[in-house]
Amino acid sequence: MAAIESVLQEKRVFPPSEAFAKQANIKGMDAYLALCKEAEQDYEGFWARHAREQLTWHKPFTQVLDESNAPFYRWFADGMLNASYNCLDRHLSTQPDKTAIIFEADDGKVTRVSYRELYRRVCQFANGLKSLKIRKGDRVVIYMPMSIEAIVAMQACARIGATHSVVFGGFSSKSLHERITDAGACAVITADEQMRGGRAIPLKPAVDEALGMGGCESVKTVVVYKRTGANVAWHAARDIWWHDLVNGQADTCEPEWVEAEHPLFLLYTSGSTGKPKGVQHSTGGYLLQAILTMRWVFDYKPSDIFWCTADVGWVTGHTYIAYGPLAVGATEIVFEGVPTYPDAGRFWKMIQDHKVTVFYTAPTAIRSLIKAGADLPKKYDLSSLRILGTVGEPINPEAWMWYYETVGNKRCPIVDTWWQTETGGHMITPLPGATPLKPGSCTFPLPGIMADIVDETGQSVEKGKGGFLVIKRPWPSMIRTIWGDPERFKKSYYPSDFGGKYYLAGDGANRDMDGYFWIVGRIDDVLNVSGHRLGTMEIESALVANPLVAEAAVVGRPHEVKGEAVVAFVVLKGPRPSGEEAQKVANQLREWVGKEIGPIAKPDEIRFGDNLPKTRSGKIMRRLLRSIARGEEITQDVSTLENPAILEQLKQPVQ
């Protein structure tokens, strides 16, 4: 961080404009460094100050951090508050009529809801849940379309102290069953159907199938929101329509005041092996990080129109749709559809129509939109934008440049955020009014986040070298445990390899000579080729920098000589090649990677597809690509894929 001046001399470094910095919540690097220094000198005092300033407490806390049972850390444990109160009630005296949510449905219909109206809806639904005898500490699974009702359901659970577990609406009945049984849910909230890209996708039948698999005896009620009016099977003793549940309910509901450590939600992350992990988040610490990052990273202003394109089924949709924007009193967009329906200009038209100021999306979506129409943004008025953000994976430098130049017109800072389901909120990210940007780098840790890069022994590595990304001190919004499996929590995140004292993020990273962090991919996505450690992200970035390539994903497969072979899955900007043409293009790309990185990084295999295997939320399912590369039969659940047929294409290598 001391070398900021030298950073400004490098090629493709973008400092914030003087005018932007003057108006920002964190005004320049000096302000950022002052916050970092405060945290280093008085860590608990730093977090206590922000917790008192940003949250409304029913009972103030006196203890900040309890480390007595590490790594099961506790923050603000003797304080009491309510998340829904902090998101709704405290705005009613100052801005009751301000628009809280602008909902755009798949078909383009727009609904606006004020803070007063959202409060009323949440209270009615909370009272409805209480009438079902759902109480503090009960677990409720939410399996909903992107909608105002999904947020109402989450807020209503928080209001009565029930712990919600949202399951992405693209998950199969089997995945839903696993989460219901592991959480021991007493109720499921769902809808008849959801709409995506002009297609109706059933939800209630998946719930019925999941509950019919056995082991779900804890579920007493299924609440069904009527989204399309489709005919659904009905179990009169168990099912109830949403509109019937809220009919006649009072539009006020006293919040259940809970301890700061009370579980606000469980969110399940799935891996290639083992059952899904129920990541447990607290109420106080989680909400604090959501608020601070809205103010610091997104530089929240009361006039902002904030749009995070994620689904509430993922952590991004929790922190930056359901909680963070509402907790700061923002107006936000909630979108039901997909970015390419009815055409590839959907995102840009919505930014134009709603005058979006802060836009937060995934690199995968950005790359897909480049392929769908790189010049399309120029046809829309995007002048309202002031900040762009990315989330979910590192962004390739070339995609970053397109985003910066074509969407942001070279005037919007890009906040390339690194964080995880387990961290609760942003951890390493630029601050738009302070940080000089390097395309592809998530830059520096937030104040109070003690991130480092270490080797296999847990020792810090020198600048310019890579290693394992760790967090050396607990932070308020961190995962508290894996639901029902504390030993798995310790083994997964505080492994004995590092003495059990550092949080292991599971990502490999480099830090350059200026202190900038660069994420190179998951630890299992760092390839060891003939003794050389190669980040898959580095090879992907090289491929995407080629003018022929729209998207690329790189994985490894065992190689008897080199240890691991590099396998690249590539989507071209033009048609998918075959035969001799495929061979020719593959050779071109190999040579390109060799020139960009070095001969050691040349892909051993290249496979072309019309697309990559992605979930309906746009996340590339790399574990499926690893199975394909190894010639393994795919036995994993592929029900969340947008286009399962793409897997057959990718099984054809170009040697």
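Residues numbered from 1 in each chain as written. Predicted model: local features only at pLDDT ≥ 70, side-chain atom pairs only at ≥ 80, totals over all residues. Heavy atoms only, no water.

Per an unreviewed UniProt entry, the protein goes by the name Acetyl-coenzyme A synthetase and belongs to Pelomicrobium methylotrophicum. Quoted verbatim from the Sequence similarities (unreviewed entry) field of UniProt, the annotation for the protein is "Belongs to the ATP-dependent AMP-binding enzyme family." (UniProt positions renumbered as here; feature names shortened; annotations may be inferred.)

Now for the packing of aromatic side chains. This structure, assessed with the given rule, holds 41 aromatic pairs. Ring pairs connect the aromatic residues Tyr43, Phe46, Trp47, Trp57, Phe61, Trp75 and Phe76, which therefore count as one cluster. Cation over ring: lysine 438 sits above tyrosine 516, and NZ or CZ is 4.5 Å from the ring centre. (Phe/Tyr/Trp six-rings, centres within 6.5 Å; stacked < 30°, edge-to-face > 60°. Lys NZ or Arg CZ within 6 Å of the ring centre and 35° of its normal.)

Residues annotated in UniProt with the feature "modified residue: N6-acetyllysine" (unreviewed entry) correspond here to Lys619. You can see lysine 619 is positioned in the loop between strand E30 (605-608) and helix H19 (622-629). With residues up to four places along the chain from it excluded, the contact list for lysine 619 reads Pro613 and Lys614. (Helix = DSSP H or I, 4+ residues; strand = E, 2+ residues; numbered from the N terminus. Contact = heavy atoms within 4.5 Å.)

Residue position: aspartate 239 is located in strand E12 (residues 239-241). Classification of aspartate 239 by relative accessible area gives buried; the value is 7%. Separated by 2.9 Å, the side chains of aspartate 239 and lysine 204 make a polar contact. Not counting chain neighbours up to four residues away, the residues in contact with aspartate 239 comprise Lys204, Val222, Ala233 and Trp234. (Buried < 20%, exposed > 50% of the residue type's maximum accessible area, 1.4 Å probe, protein only. Polar contact = N/O pair within 3.5 Å; in protein donor to acceptor, adjacent residues only side chain to side chain.)

Moving on to the packing of helix H11 (residues 284-296) against helix H12 (residues 315-327). The packing of two helices is summarised by the inter-axis angle and the distance between the axes. Contact geometry of H11 with H12 gives a least axis separation of 9 Å together with a crossing angle of 75°. The angle between H11 and H12 places the two elements in the roughly perpendicular class. Contacts between H11 and H12 involve Tyr286, Leu287, Ala290, Ile291, Thr293 and Met294 from the first element and His318, Thr319, Tyr320, Tyr323, Gly324, Pro325 and Ala327 from the second. Split by residue class, the contact of H11 with H12 holds 9 nonpolar, 4 polar and no charged. (Axes fitted to C-alpha atoms, helices over the stretch in contact; angles between N-to-C directions. Parallel < 35°, antiparallel > 145°, perpendicular 65-115°, else oblique. Nonpolar A, V, L, I, M, F, W, Y, C, P; charged D, E, K, R; others polar.)

Once that is clear, we can look at the domain arrangement of the protein. Under the domain assignment used here, the protein contains domain 1 (18-448) and domain 2 (530-650). Domain 1 and domain 2 are separated by 32 Å when their C-alpha centres are compared. Contact with domain 1, which involves 22 residues of that partner, is made by 23 residues of domain 2. Between domain 1 and domain 2, roughly 1800 Å² of surface is buried when both sides are summed, and carbon and sulfur atoms account for 55% of that area. The interface formed by domain 1 and domain 2 holds 2 salt bridges in total. Residue glutamate 551 is joined to arginine 367 by a salt bridge in which the shortest nitrogen-to-oxygen separation is 3.6 Å. Our count for the domain 1 to domain 2 interface comes out at 4 residue pairs in polar contact (both at pLDDT 80 or more). Taken together, the elements giving at least two residues each to the side of domain 1 that touches domain 2 come down to strand E10 (199-202), helix H14 (363-373) and helix H15 (397-407). No other element matches the 4 residues that H14 contributes to the side of domain 1 that touches domain 2. Residues that form the side of domain 1 that touches domain 2 fall into these classes: 7 nonpolar, 9 polar and 6 charged. (Domains from an automatic or database assignment. Buried area = accessible area lost by both parts, 1.4 Å probe. Salt bridge = Lys/Arg side-chain N within 4 Å of Asp/Glu carboxyl O.)

Further remarks concern the sheet that holds strand E22 (residues 466-471). Spatially, the 4 strands line up as an open sheet ordered E21-E22-E24-E25, and their pairing is antiparallel. Each edge of the open sheet carries a strand with a single partner, namely strand E21 (451-454) and strand E25 (517-522). Averaged over all adjacent pairs, the angle separating strand axes in this sheet is 45°, with direction ignored. Two elements, E22 and strand E24 (residues 503-511), share 5 bridges in a ladder whose sense is antiparallel. Note that in E24 the partner of isoleucine 471 across the bridge is tyrosine 503. (Pairing = 2+ DSSP bridges.)

Moving on, we come to the side chain of aspartate 416. Following the sequence through the fold, aspartate 416 ends up in strand E20 (residues 414-416). This buried residue, aspartate 416, is left without a salt bridge; arginine 367 holds the nearest opposite charge, at 9.8 Å. A polar side-chain atom of aspartate 416 sits 3.2 Å from a polar atom in the side chain of threonine 390. Discounting chain neighbours no more than four positions away, the residues touching aspartate 416 are Thr390, Ile395, Ile428, Thr429, Pro430, Gly440, Ser441 and Cys442. (Lys, Arg positive; Asp, Glu negative; His and termini not counted.)

Quick look at the packing of helix H4 (residues 43-54) against H11 now. At a minimum axis distance of 10 Å, the contact between H4 and H11 shows a crossing angle of 85°. Between H4 and H11, the angle is such that the two are roughly perpendicular. Contact with H4, carried on its side by Phe46, Trp47, His50, Ala51 and Gln54, involves Leu288, Gln289, Ile291, Leu292, Arg295 and Trp296 of H11 and no other residues of that element. When its residues are assigned to classes, the contact of H4 with H11 shows 7 nonpolar, 3 polar and 1 charged.

What follows concerns the UniProt feature "domain: Acetyl-coenzyme A synthetase N-terminal" (unreviewed entry) in the protein. When the UniProt feature table is mapped onto this chain numbering, "domain: Acetyl-coenzyme A synthetase N-terminal" (unreviewed entry) sits at residues 32-87. The distance separating the terminal C-alpha atoms of residues 32-87 is 27 Å; by composition the span is 48% helix and 11% strand.

This next bit is on the sheet that holds strand E28 (residues 549-559). On the basis of which strands lie adjacent, the open sheet formed by 3 strands has the order E28-E29-E30 and mixed pairing. Pairing within the sheet leaves two strands with one partner each, and these edge strands are E28 and E30. For this sheet, the mean angle separating the axes of adjacent strands, direction not counted, is 25°. Judged from the 4 bridges that link them, strand E29 (residues 563-572) and E30 form a sheet pairing that is parallel. If you follow valine 570 over to E30, its bridge partner there is phenylalanine 608. Lying over the sheet, H14 contacts E28 and E29, oriented at roughly 125° with respect to E28. Where helix H17 (residues 536-544) meets the sheet, it contacts E28 and E29, and its direction lies at approximately 145° from that of E28.

Of all the 13 residues making up H12, 13 are buried; the element is thus mostly covered by neighbouring parts of the structure. Phi for glycine 329, located one or two positions after H12, is positive at around 80°.

By the criterion of burial, strand E8 (residues 187-191) is predominantly enclosed, with 5 of the 5 residues buried. Of the two faces of E8, the one lined by Ala187, Ile189 and Ala191 and the one lined by Val188 and Thr190 are each fully buried. For strand E6 (residues 139-143) and E8, the ladder comprises 4 bridges, and the chain directions are parallel. By the bridge assignment for E8, valine 140 is matched with alanine 187.

Opposite charge on two side chains makes pairing possible when the charged atoms of those side chains draw close. Under the definition given, this model contains 40 salt bridges. One salt bridge connects lysine 490 with glutamate 487, and the closest N-O pair in it is separated by 3.4 Å. Of the two residues, lysine 490 and glutamate 487 both sit in helix H16 (residues 486-493), 3 residues apart, roughly one turn of that helix. For lysine 490, a relative accessible area of 29% puts it in the partly exposed group. A salt bridge links lysine 614 to glutamate 551; its shortest N-O distance comes to 2.8 Å. One end of the pair, lysine 614, is in the loop between E30 and H19; the other, glutamate 551, is in strand E28, with 63 residues separating them in the sequence. For the pair formed by lysine 614 and glutamate 551, the shared burial category is buried. Counted as one network, the salt bridges with shared partners bring together Arg367, Glu393, Glu540, Glu551, Lys614 and Arg622.

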